[in-house]
Amino acid sequence: MAAPLVNADALVKTDRSRLIHPHLPGAAVDRIIMVEGSGCRLRDAHGREYLDATGGLMLAHVGHGRREMVEAAAGQMTKLEYYSSFHEFTNEPSIQLADRLIDLAPAPMERVYFTSGGAEAVDAALRMARLYHHRLGRPERTWVLARHFGYHGVTYGGAAATGMPMFHQGFGPMMPNVRHLTPPLPFHPEMYGGEDPTEYCLRELRETIEEIGAENIAVMIGEPILGVAGVVEPPADYWPRVRELLSAHGILLILDEVITAFGRTGHWFASERLGVAPDFIVTAKGLTSGYFPMGALLVADHVADVATRDEGFLGGYTYSGHATGCAVALKNLDILERENLLAAAVEVGDRLGARLRRLEELPIVGQVRQTGLMLGIELTEDPATGEPLSAEWVPPLVRERAGVIVRNNPDTVLLSPPLVMTHEEADRVAAAVTDVLTEYAAGTRRTTRAPAPPASVLDTPWDRPPSMPDLLAAAMEWHFGPRTGSRFWLERARTLDFDPRKDVRTEADLGLFPNVVDELRDARVEDLVPRGYGDGPIPLDIFESGGTTGAPKRVVWLPDLHERLTSWHSRVLDERGVPRGVNWLTIGPSGPHLFAPTSRTLAHLRGGIPFTVDLDPRWVKKCVGEGRAEETKRYVEHVLDQVAAILRSQDVGVVFTTPPLLEALAGREELAELVNRKVHTLIWGGSSMSVDTRALLRTQVFPEARLLGFYGSTMVGGGMYERDGVAEHEPSVFDPPYPFISMRVVDPDTGKPVPYGERGQVVMNHISRGMLLPNNLERDTALRIRPAEHSGGDAVADIQPVRTFDGTKVIEGVY
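Rules of the game
Residues numbered from 1 in each chain as written. Predicted model: local features only at pLDDT ≥ 70, side-chain atom pairs only at ≥ 80, totals over all residues. Heavy atoms only, no water. Helix = DSSP H or I, 4+ residues; strand = E, 2+ residues; numbered from the N terminus. Rg over C-alpha atoms; globule rule 2.2 N^0.38 Å. Buried < 20%, exposed > 50% of the residue type's maximum accessible area, 1.4 Å probe, protein only. Contact = heavy atoms within 4.5 Å. Areas by Shrake-Rupley, 256 points an atom, 1.4 Å probe, with all protein chains shown as cover. Lys, Arg positive; Asp, Glu negative; His and termini not counted. Charge placed at Lys NZ, Arg CZ, Asp CG, Glu CD. Pairing = 2+ DSSP bridges. Axes fitted to C-alpha atoms, helices over the stretch in contact; angles between N-to-C directions. Polar contact = N/O pair within 3.5 Å; in protein donor to acceptor, adjacent residues only side chain to side chain. Core = buried A, V, L, I, M, F, W, Y, C linked by side-chain atoms within 4.5 Å. Salt bridge = Lys/Arg side-chain N within 4 Å of Asp/Glu carboxyl O. Expected span 1.5 Å × (residues − 1). Left-handed = near helix turned anticlockwise from the far one by under 90°. Nonpolar A, V, L, I, M, F, W, Y, C, P; charged D, E, K, R; others polar.

Some details on the overall build of the protein
Line of reasoning, step 1. Scanning the protein for helices and strands turns up 24 helices and 31 strands.
Line of reasoning, step 2. In summary, the protein has a C-alpha radius of gyration of 30 Å against a globular reference of 28 Å for 815 residues, a match within 12%.
Line of reasoning, step 3. Expressed along its principal axes, the backbone C-alpha trace of the protein runs to roughly 95 × 65 × 50 Å.
Line of reasoning, step 4. Sorting the 815 residues of the protein into buried and exposed places 54% on the buried side.
Line of reasoning, step 5. Residue pairs in contact within the protein that sit at least 24 positions apart in sequence constitute 70% of those at least 6 positions apart.
Line of reasoning, step 6. Per element, the accessible surface of the protein, about 34300 Å² overall, is 52% carbon and sulfur.
Line of reasoning, step 7. In the protein, 83 side chains carry a positive charge and 109 a negative one; their mean positions are 4 Å apart.

Pasting the structure below:
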């Protein structure tokens, strides 16, 4: 390639001031302006040459700068550049391309609908699937089943089907009636609770069909091989069994082959490789190798015949069947076939895969995956646990050091070179990636792979807890070590008549600590942060108790604690069958309370959008305490009006609120109807609920929604969900995330545990890296229950607030 003659600086200046780039923050200043390409090589405006190991965005199959492609476009433009394909109009290249595509496509594909790209083709497939059922007299079949981590573009239909929350946040409401399911990720067995991934996914699919009703589901969409999510090929039995189950229920199947079609996997279509016959195949990218923006939806006859009858398939795209685009696509397919690039994808892909699999010996590489000429290198902090390691630092390093362009998703390095890549170019790519990852891994071993200090126990995930003695040993060393402890606890330790680092070794020893929560009313919050977090700025949150008994008490909430706790919450919600990919509505205090921020994070973490109706429980308690019943009633109605506005207009799958508000919500017929129609799970927490009330809500008021109890404490910074399997006539039982949070039920006069089955006052402890709060006497009473298997301390049941606390009458109000 000759050095381009361009004014690079002028181009960069204009770009920064005029262009909006996808996925680029507006404040970013770097630009790489490509001006020339040939094969797998690119040259930028400064004359630097690069090796393209991404194919642009997984699409430059025949390579850059192909003269034949230019001539095909020019030749067509000299005859007819474009004319509409709407109604009875058409053109010769579109007819020829449709015929060619059906010749290449697997059965039962027989019809073609042209678009301008993959996302448009996805939208067309979703619309056609719904129209198919509608015209067959099944208009209620509108639901779309998709999968977490799947990518189907960012048009509104495609984005709704895409199982990546980043494409939903801030863009809602998304297209309704979309449910995301778990994909098979064999490298992550922790997702399936010891079950075979295919069996887990099929069971989930069956349960989802039963829950929604097959008579309400139109179609399922999925990538045959997950692309953007990390190049994950499913087990061989996955797609055939999914197809069989869908067919048994009359549900259509869309395979999104925007990435995998036209040779990327060594086949014209990945559905051939996987032995599955869908009703639709969505294509783009390799159809023209990027020389023209174009996509194609391939459709089975039995669907197309219905979708095109009567007035036809209404709606189209201006450039559908674009004559020049179709001519370019025909030439592209000729090159792929003539140069045997499907076989080359396998040959070069296997060579590249063999060299990169050696990276699995590195402690930061969990797995290298390769199918044809698409590869994913998944990075991990710890191969034993699968904890992810961000891969965002890899592409810029590889590019700057070796002139090789690769991509990444959050934790996986992605490679998808043009199918014309040579052996020598593949070796260069492998060497460039290997050098960067090997160097990083060596530095990691020196700096972070040293023998772990006792404090590493504090980093244990909450769903894989250490023993209580191990946790206490690490926590006492951390919180009372002069270099790591907070100013608050180091100063408080001088007043203790015991040494926490030596004398606290069992859960019972936590009773040695005085209850210090009253001191948190006035403590300087900076003094509550352990010194071990360093001197740099930390994005802290400050949460307060409800202020029922005087000035609020404050706790400092650190990001790592928030992440570990919400991850634990999310796993428990998975175990309890709470769906992912649904929006949350929280009716509770958004701040300075822990209630709403936790639920907001959970909504995001689980692929949903959080809605919040804020509460000011202190104001309501003040009104109740002063006998202003009318103001209290008006406040509750004000809250319910906001809830109604959201439920009427938005898709909400989970509602998290308090028992008083849940009962108030039940009192409005319209709201109860909306909940039963839209909401899957109602989580109640924050105060007591009687057995009779719970039974009434479950069986008569909200029979279509699942009721799930939650008991927590802002002061202790955590909570717990009701135990499964409790009889309908028995009160809810709550087990803490032991040993990080533990409980005792005691006689408040003596501090001694009450017998099992008897009522006492609840004492909670919190032990983690970010917080130490032992021996906190809660303002709740409960029945003492034996702990769950493999747990410790006490479980609790039949939570009720005390009548007075610290000499102050306890008022529940709305919380």
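Thoughts on the environment of Ala 277
Line of reasoning, step 1. Tracing the chain through its elements places Ala 277 in the loop between α9 (270–274) and β9 (280–283).
Line of reasoning, step 2. Judged by its relative accessible area of 37%, Ala 277 falls in the partly exposed class.
Line of reasoning, step 3. Separated by 234 residues in the primary sequence, Ala 277 and Gly 511 place their C-alpha atoms 65 Å from one another.

A few points about the sheet that holds strand β22 (residues 681–685)
Line of reasoning, step 1. Pairing is mixed across the open sheet formed by six strands, whose spatial order is β20-β19-β21-β22-β23-β24. On the outer flanks of this sheet lie β20 (610–613) and β24 (718–721), each paired with one strand and no other. With strand direction ignored, the average angle separating the axes of adjacent strands in the sheet is 20°.
Line of reasoning, step 2. Those strands touched by helix α18 (residues 559–575) are β19 (584–587), β22, β23 (706–713) and β24, and its axis lies near 5° from that of β24.
Line of reasoning, step 3. Each of β19, β20, β21 (654–657), β22 and β24 is contacted by helix α19 (residues 595–605), which is oriented at about 180° to β19, the strand it contacts most.

Structural notes on the sheet that holds strand β7 (residues 217–222)
Line of reasoning, step 1. The seven strands lie next to each other as β4-β10-β9-β8-β7-β5-β6, forming an open sheet whose pairing is mixed. This sheet does not close on itself; its edge strands, each paired only once, are β4 (109–115) and β6 (178–181). Each strand axis lies, on average, 20° off the axis of its neighbour in the sheet, ignoring direction.
Line of reasoning, step 2. As paired strands, β4 and strand β10 (residues 295–300) are joined by six bridges and run antiparallel to one another.

So, the side chain of Gln 650
Line of reasoning, step 1. Within the secondary structure, Gln 650 sits in the loop between α21 (629–649) and β21.
Line of reasoning, step 2. At 3.3 Å, the side chain of Gln 650 forms a polar contact with the side chain of Ser 649.

Overview of the environment of Phe 114
Line of reasoning, step 1. Its location among the elements puts Phe 114 in strand β4.
Line of reasoning, step 2. For Phe 114, a relative accessible area of 9% puts it in the buried group.
Line of reasoning, step 3. Separated by 16 residues in sequence, Phe 114 and Ala 98 place their C-alpha atoms 8.7 Å apart.
Line of reasoning, step 4. When sequence neighbours within four positions are dropped, the list of residues in contact with Phe 114 reads Ser 94, Leu 97, Ala 98, Leu 101, Met 294, Gly 295, Ala 296, Tyr 317, Ser 320, Gly 321 and Cys 326.

Topic: the nonpolar core
Line of reasoning, step 1. The biggest cluster of nonpolar side chains holds 99 residues, and the ones touching the most others in it are Leu 585, Ile 587 and Phe 702.
Line of reasoning, step 2. Other than its neighbours up to four places away in sequence, Ile 587 contacts Phe 595, Val 613, Leu 615, Val 639, Val 643, Val 655, Phe 656, Thr 657, Thr 658, Leu 661 and Leu 665.
Line of reasoning, step 3. Counting 66 residues, the second largest nonpolar core, distinct from the first, contains Ala 53, Leu 341, Val 404 and Ala 426.

Some remarks on the pattern of salt bridges
Line of reasoning, step 1. In total, this model carries 54 salt bridges according to the counting rule given.
Line of reasoning, step 2. Between Asp 279 and Arg 243 there is a salt bridge whose closest N-O contact spans 2.9 Å. Remark: Arg 243 occurs in helix α8 (residues 238–248) and Asp 279 occurs in the loop between α9 and β9; sequence separation between them is 36 residues.
Line of reasoning, step 3. Judged by relative accessible area, which is 5%, Asp 279 ranks as buried.

Quick notes on unusual backbone geometry
Trans is the prevailing form of peptide bonds, just as negative phi is the prevailing case for residues other than glycine.
Line of reasoning, step 1. Backbone torsion omega between Gly 172 and Pro 173 reads 0°, so that peptide bond is classified as cis.
Line of reasoning, step 2. Inspection of the secondary structure assignment puts Pro 173 in the loop between α6 (156–161) and β6.
Line of reasoning, step 3. In this chain, Tyr 738 is followed by Pro 739 through a cis amide linkage whose omega measures 5°.
Line of reasoning, step 4. The residue Pro 739 is located in the loop between β25 (733–734) and β26 (741–746) in this model.
Line of reasoning, step 5. With a phi close to 60°, His 87 is a non-glycine residue in the positive phi region.
Line of reasoning, step 6. Mapped onto the fold, His 87 is located in the loop between α3 (67–79) and α4 (92–104).

Description of helix α11 (residues 323–338)
Line of reasoning, step 1. When the terminal C-alpha atoms of α11 are compared, their 23 Å separation across 16 residues agrees well with the 22 Å that a helix rising 1.5 Å per residue should span.
Line of reasoning, step 2. α11 sits mainly inside the fold: twelve of its 16 residues count as buried.
Line of reasoning, step 3. Three or more residues of α11 are buried, namely Ala 323, Thr 324, Gly 325, Cys 326, Ala 327, Val 328, Ala 329, Leu 330, Asn 332, Leu 333, Ile 335 and Leu 336.
Line of reasoning, step 4. On the buried face of α11, the contacting elements are α3, α4, β4 and α12 (341–356).
Line of reasoning, step 5. Just downstream of α11, Asn 340 is the residue with a positive phi angle, here 55°.

Brief notes about the packing of α18 against α19
Line of reasoning, step 1. At a minimum axis distance of 10 Å, the contact between α18 and α19 shows a crossing angle of 65°. Here α18 runs over α19; the crossing is right-handed. Residues His 562, Thr 566, Ser 567, His 569, Ser 570 and Leu 573 of α18 touch α19, and the partners they reach there are Pro 597, Thr 598, Thr 601, Leu 602 and Leu 605.
Line of reasoning, step 2. By residue class, the composition of the contact of α18 with α19 is four nonpolar, seven polar and no charged.

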